[in-house]
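Overview (structure and organization)
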Amino acid sequence: MNDSHDNPQRASAPQACDAPAGAVRRPVERWREGAVRHVDDHVAEEVPVAFVYNDVPFAVMMATPADLEDFARGFALSEGIVASPGDVAIERIEQFIEGTEIRLRIPEARAEALALRRRSMSGRSGCGVCGSELLEAALRYPAPVTTDVRVAPEALSRALRALRDAQSIAALTGATHAAGWASLDGTLRLAREDVGRHNALDKLIGALHAEGFDPAAGFLVVTSRASYEMAMKAASVGIALMAAISAPTALAISLADRAHLTLIGFARDDGHAVYTHAQRLLPPSADAPTAMRPGRTQAP
């Protein structure tokens with residue numbers, strides 16, 4: 001990372017006009033059925049993104065360079081760096097040969113608390129607990145979610161289908177995760193993508209606040225496994241229900257139970273598995289397809 005701003009070296013990666021932000025074209029040798037073809041292929045971008053708070057570097061994340069303002073706001077909120085969206089201001093986003101730097105301004109009291117937290121961390125990158133030197137610093141338990149939303153299986157299935165259609169980068173590259181937020185009827189309101197599942201969720205959280213949506217008024221669908229950090233980030237911003245297409249971890253289940261988060265895994269069109277706080281999931285309607293009714297879920 002280039003920390004000097006006196007003579008910065010700026011660079012921009014080549015990007016085709018027909019690709020969404022976060023995807024580029026690169027040459028590839030494609031081997032199929034004994035034949036070799038030289039073609040251009042879409043691949044996902046992955047670059048270092050540095051967060052600098054009040055002129056002090058804090059973290060470098062490997063991320064897809066799209067929706068970076070959403071990423072910066074969502075990361076600050078989900079990591080507990082600030083308590084509300086109004087506490088963080090993005091001063092500027094700068095591109096360098098080494099990657100992207102996002103400079104933010106937060107209240108001085110928050111900056112002082114962040115400095116203390118930073119001293120207990122080393123070599124941090126990629127995820128919210130990497131580099132933590134103490135167990136108590138590695139695990140954060142958010143306050144219990146108090147929202148009592150109710151979600152029908154049909155709404156969950158509708159949101160999952162919409163999330164598949166909303167993944168423009170994944171459709172081209174097959175290399176990104178997505179996080180989506182739906183209203184209680186299953187209408188997908190927002191979706192964000194990234195090579196990192198945590199980053200996609202942070203981008204979504206930032207976008208929710210930027211667009212004026214209340215995270216507690218809907219539910220979350222993600223295309224990844226439900227790890228501890230995904231559950232922690234969801235609960236920390238007041239989301240009451242998270243559905244993942246893959247499996248949860250034992251620690252994620254423990255946190256979700258403690259945080260009163262409804263945690264769903266193996267979410268598919270034909271069913272799902274509810275691991276915690278199942279009271280928020282409504283029974284299927286009488287005219288719902290049989291495949292959508294509980295008891296028919298098979299983990300892949």
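Each chain carries its own residue numbering, running from 1 in the direction its sequence is written. Only residues with pLDDT of 70 or above have their local features reported here, since the model is predicted, and side-chain atom pairs are shown and tallied only from 80 upward, although totals for entire chains, interfaces and linings are computed over all residues. The basis for every side-chain value is the complete set of non-hydrogen atoms in the structure, without hydrogens or water.

For the chain, the name recorded in an unreviewed UniProt entry is Sulfur carrier protein FdhD, with Luteimonas chenhongjianii as its organism. For the record of the chain, the UniProt heading Subcellular location (unreviewed entry) holds the text "Cytoplasm". Taken directly from UniProt, the Function (unreviewed entry) text for the chain runs: "Required for formate dehydrogenase (FDH) activity. Acts as a sulfur carrier protein that transfers sulfur from IscS to the molybdenum cofactor prior to its insertion into FDH." UniProt positions are given in the numbering used here, feature names are shortened, and annotations may be inferred rather than shown by experiment.

**Structural notes on the packing of helix H1 (residues 68-78) against helix H6 (residues 197-211)**
It is at 6 Å that the axes of H1 and H6 come closest, and there the two elements cross at 100 degrees. The angle between H1 and H6 falls in the class roughly perpendicular. Contacts between H1 and H6 involve Asp70, Phe71, Arg73, Gly74, Phe75, Leu77 and Ser78 on the former and, on the latter, Asn199, Asp202, Lys203, Ile205, Gly206, Ala207, His209 and Ala210. Three residue categories are used. Nonpolar comprises Ala, Val, Leu, Ile, Met, Phe, Trp, Tyr, Cys and Pro, charged comprises Asp, Glu, Lys and Arg, and polar comprises the others, including Gly. Its residues placed into classes, the contact of H1 with H6 shows six nonpolar, five polar and four charged. Angles here are taken between N-to-C directions and fall from 0 to 180 degrees, while the axes themselves are lines fitted to C-alpha atoms, restricted in helices to the stretch in contact. The secondary structure listing takes helices from DSSP runs of H or I that are at least 4 residues long and strands from runs of E that are at least 2 residues long, numbered from the N terminus. Every angle not falling under 35 degrees, over 145, or within 65 to 115 is termed oblique; those three ranges are roughly parallel, roughly antiparallel and roughly perpendicular. Pairs of residues are marked as contacts when any of their non-hydrogen atoms sit within 4.5 Å.

**Notes on the environment of Lys233**
Looking at the element boundaries, Lys233 is found in helix H7 (residues 228-236). Take Lys233: its relative accessible area is 1%, and that puts it in the buried class. For the pair formed by Lys233 and Gly74, sequence separation is 159 residues and the distance between their alpha carbons is 9.3 Å. Apart from the residues within four sequence positions on either side, Lys233 is in contact with Ser78, Glu79, His198, Leu201, Asp202 and Ile205. Polar contact is defined as a pair of N or O atoms within 3.5 Å, subject to the rule that within protein one atom must be able to donate a hydrogen and the other to accept it, and that residues adjacent in sequence are counted only when both atoms are side-chain atoms. Of note is the side chain of Lys233, whose polar atom sits 2.8 Å from the side chain of Ser78. Note on exposure labels: buried denotes an accessible area under 20% of the residue type's maximum, exposed denotes more than 50%, and partly exposed covers the range between, all computed with a 1.4 Å probe on protein chains only.

**Observations concerning a nonpolar patch on the surface**
A surface patch of nonpolar side chains, about 210 Å² in accessible area, is lined by Leu139, Tyr141 and Leu251. Looking at where Leu139 falls in the secondary structure, it is placed in the loop between helix H3 (135-138) and helix H4 (153-165). To count toward a patch, a residue needs a relative accessible area above 30% and no salt bridge. Like charges then connect within 9 Å, nonpolar side chains (Val, Leu, Ile, Met, Phe, Trp, Tyr) within 5 Å. Every accessible area reported is derived by Shrake-Rupley at a probe size of 1.4 Å, with residue values counting cover from the shown protein chains alone. One side-chain nitrogen of Lys or Arg within 4 Å of one carboxyl oxygen of Asp or Glu is enough to make a salt bridge.

**Brief notes about the pairing of strand E2 (residues 35-44)**
Paired strands, as defined in this entry, are two strands with at least two bridges between them according to DSSP. As judged from the 10 bridges shared by strand E1 (residues 23-32) and E2, these two strands associate in the antiparallel manner. Across the sheet, the residue bridging to Pro27 is Asp40, located in E2. With antiparallel pairing between neighbouring strands as the criterion, E1 and E2 make up a hairpin whose turn holds two residues, including Glu33 at a positive phi of roughly 50 degrees.

**Here's the deal with the environment of Val24**
Within the secondary structure, Val24 is located in strand E1. When the C-alpha positions of Val24 and Ile169 are compared, they lie 9.7 Å apart, and in sequence the two are 145 residues distant.

**Digging into the pattern of salt bridges**
Going through the model one piece at a time under the given rule, you end up with 15 salt bridges. Ionic pairing is found between Arg192 and Asp70, a salt bridge with its closest N-O pair at 3.0 Å. Remark: Asp70 occurs in helix H1 and Arg192 occurs in strand E8 (residues 188-194); sequence separation between them is 122 residues. The pair formed by Arg192 and Asp70 is uniform in burial state, with each residue classed as buried.

**Comments concerning H1**
Across the 11 residues of H1, nine count as buried, placing the element largely inside the fold. Among the residues of H1, those classed as buried are Leu68, Asp70, Phe71, Ala72, Gly74, Phe75, Ala76, Leu77 and Ser78. Two residues or fewer after H1 comes Gly80, characterised by a positive phi angle close to 70 degrees.

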